[in-house]
Every structure is written in structure tokens, then in C-alpha cells.
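# Understanding the architecture of this molecule
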Amino acid sequence: MTSSAREHSDYGPLHAAAFLLELMMLTILALSGAASSDSLVVQVLAAVALPVVAAAIWAVWMAPTSARRLANPRRLAVEVVLFAITGLLAALLLAPWVGAVFFVVATLVFGELARRESQ
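These lines cover the structure that appears in this document, whether it is placed above or below. Source: prediction; values computed, not measured.

## Focus: the side chain of Glu-79
Secondary-structure assignment places Glu-79 in helix 4 (residues 74-93). When its relative accessible area of 4% is taken as the criterion, Glu-79 is described as buried. Each residue touching Glu-79, except ones within four places of it in the same chain, is listed here: Trp-58, Met-62 and Phe-110.

Shown next as C-alpha cells:
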């Protein structure tokens, strides 16, 4: 295996973790939306709208196949903002540790992906 092929194969676990974090972000946003109000209508609307908006932003500016994918470091900055919003909502509406752990882990994983991409 050549060194460049070996370096690329090292991305596998990191990409898998990133994908799981993307799914966790959508799940946390849906759960936060569901916990956002005493009104069932507001809960359902927020539980649907929050992850849909995040997924739309991700699809347009962060997805690897997007024609309008942002370049790093701008892409990382937008990702961190999404992680911060998700973490804040989780901390306020679910549990503080959920928001903090999600934000830290997601920022570290995507930061490492950005660092490796820039090499």
C-alpha cells in the first residue's frame, strides 16, 4: 500500500464518526424541538423543522457531493456554528452534558477532518 493510499484509508473511521455525528445532530435537534414547548403543535413543528433546516444547510454547503460545498476553513466555521446551536438547544432543553459532549466531540472530529483535508 502506498503512503497516500494508507493516509486515505486512515480517514475511514473518522468519516464514519462524522456521519454518525451528523445523524446525532439531526436526532438531537428533533428531540430538542419536541421538548421545546407544552403545546403539542409547537413540539411537532419544532421537532420537524429544526432537523429539516439543519439538513438543508448541510446538503447545500457541507455535503461532499454538493456543487456549492464551502471550502475550509469557511465550511468548518459553519459546521461549528451548527454544532454550537445544536449543543445549546440540547443543553437548554434536554441535558447540559448532552449539549456539551455533542459540541466538543463534533467539533474535534470535524476539525480533524478539516486539518487532514488541508494537508
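There is more to say, and it comes next.
## Brief notes about the side chain of Ser-66
Relative to the helices and strands, Ser-66 resides in the loop between helix 3 (40-61) and helix 4. Within the local environment of Ser-66, its side chain forms a polar contact with the backbone oxygen of Ala-59, the two atoms lying 3.5 Å apart. A distance of 2.4 Å separates the side chain of Ser-66 from the backbone oxygen of Val-60, its partner in a polar contact. Filtering out sequence-adjacent residues up to four positions away, Ser-66 remains in contact with Ala-59, Val-60 and Trp-61.

## Considering the environment of Arg-69
If you trace the backbone, Arg-69 turns up in the loop between helix 3 and helix 4. Assessed through its relative accessible area of 33%, Arg-69 is described here as partly exposed. Considered as a pair, Arg-69 and Ala-59 are 10 residues apart in the sequence and their alpha carbons are 8.5 Å apart. A distance of 3.0 Å separates the side chain of Arg-69 from the backbone oxygen of Met-62, its partner in a polar contact.

## Looking at the environment of Phe-83
In this structure, Phe-83 sits in helix 4. Phe-83 gets classed as buried once you look at its relative accessible area, which sits at 0%. A C-alpha to C-alpha distance of 16 Å links Phe-83 and Ala-49, two positions 34 residues apart in sequence. Every residue in contact with Phe-83, bar those within four places of it in the chain, is listed here: Met-25, Trp-58, Phe-102, Phe-103, Ala-106, Thr-107 and Phe-110.

## Quick notes on a nonpolar patch on the surface
On the surface, Leu-31, Leu-88, Leu-92, Leu-93 and Leu-94 cluster together to form a nonpolar patch covering roughly 460 Å² of accessible area. Per element, the largest residue contribution to the nonpolar patch is 3 residues, and it comes from helix 4. Within the secondary structure layout, Leu-31 lies in helix 2 (residues 11-34).

## Describing the packing of helix 3 against helix 4
Packing of helix 3 against helix 4 brings their axes to within 11 Å, and their N-to-C directions diverge by 170°. In terms of orientation, helix 3 and helix 4 fall into the roughly antiparallel class. Packed against helix 3, whose contacting residues are Leu-50, Ile-57, Trp-58 and Trp-61, the element helix 4 presents Arg-75, Val-78, Glu-79, Leu-82, Phe-83 and Leu-89 at the interface. Grouping the amino acids of the contact of helix 3 with helix 4 by side-chain chemistry returns 8 nonpolar, no polar and 2 charged.

The rules behind the values
- Residues numbered from 1 in each chain as written.
- Predicted model: local features only at pLDDT ≥ 70, side-chain atom pairs only at ≥ 80, totals over all residues.
- Heavy atoms only, no water.
- Helix = DSSP H or I, 4+ residues; strand = E, 2+ residues; numbered from the N terminus.
- Buried < 20%, exposed > 50% of the residue type's maximum accessible area, 1.4 Å probe, protein only.
- Contact = heavy atoms within 4.5 Å.
- Polar contact = N/O pair within 3.5 Å; in protein donor to acceptor, adjacent residues only side chain to side chain.
- Patch = residues over 30% accessible without salt bridge, like charges linked within 9 Å, V, L, I, M, F, W, Y side chains within 5 Å.
- Areas by Shrake-Rupley, 256 points an atom, 1.4 Å probe, with all protein chains shown as cover.
- Salt bridge = Lys/Arg side-chain N within 4 Å of Asp/Glu carboxyl O.
- Axes fitted to C-alpha atoms, helices over the stretch in contact; angles between N-to-C directions.
- Parallel < 35°, antiparallel > 145°, perpendicular 65-115°, else oblique.
- Nonpolar A, V, L, I, M, F, W, Y, C, P; charged D, E, K, R; others polar.

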